[in-house]
Amino acid sequence: MIDVNQFAELELRVNDLQNALTRVIEERDNYKDTADSLFRELESCRTTLTQANSDISRLRVYLAQGAEL
């Protein structure tokens, strides 16, 4: 049988584990939010890069046709 002291120790341990789990879940959620934000930023950079490449291509054609800047 479990005596009162053992029960109290086990109860404290369960509480500690619940608190640790809560912190881990919060940290996981924060990392997920950060990852989502970074993914959105990456997509924005890809869009900007695509536009810049398009602009450069148009400028090359423009210059190849003898135009001056």
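Values in this document were obtained by computation on a predicted structure and should not be read as measured data.

Right, let's talk about helix α1 (residues 4-64) for a bit. Here α1 is 61 residues long and its end C-alpha atoms lie 89 Å apart, about the 90 Å a rise of 1.5 Å per residue gives. One side-chain oxygen of the residue at the start of α1 lies 3.1 Å from the amide nitrogen of N5, identifying that residue as D3. Immediately beyond the C-terminal end of α1, within one or two residues, lies G66, with a positive phi of roughly 95°.

Turning our eyes to something else, we now look at the pattern of salt bridges. Throughout the structure, instances matching the rule amount to four salt bridges. Among the salt bridges present, the one from D55 reaches R58, with a minimum N-O distance of 2.4 Å. With D55 and R58 both in helix α1 and three residues apart, this pair spans about one turn of that helix. With a relative accessible area of 49%, R58 lands in the partly exposed category.

About the thresholds
- Residues numbered from 1 in each chain as written.
- Predicted model: local features only at pLDDT ≥ 70, side-chain atom pairs only at ≥ 80, totals over all residues.
- Heavy atoms only, no water.
- Helix = DSSP H or I, 4+ residues; strand = E, 2+ residues; numbered from the N terminus.
- Expected span 1.5 Å × (residues − 1).
- Polar contact = N/O pair within 3.5 Å; in protein donor to acceptor, adjacent residues only side chain to side chain.
- Salt bridge = Lys/Arg side-chain N within 4 Å of Asp/Glu carboxyl O.
- Buried < 20%, exposed > 50% of the residue type's maximum accessible area, 1.4 Å probe, protein only.

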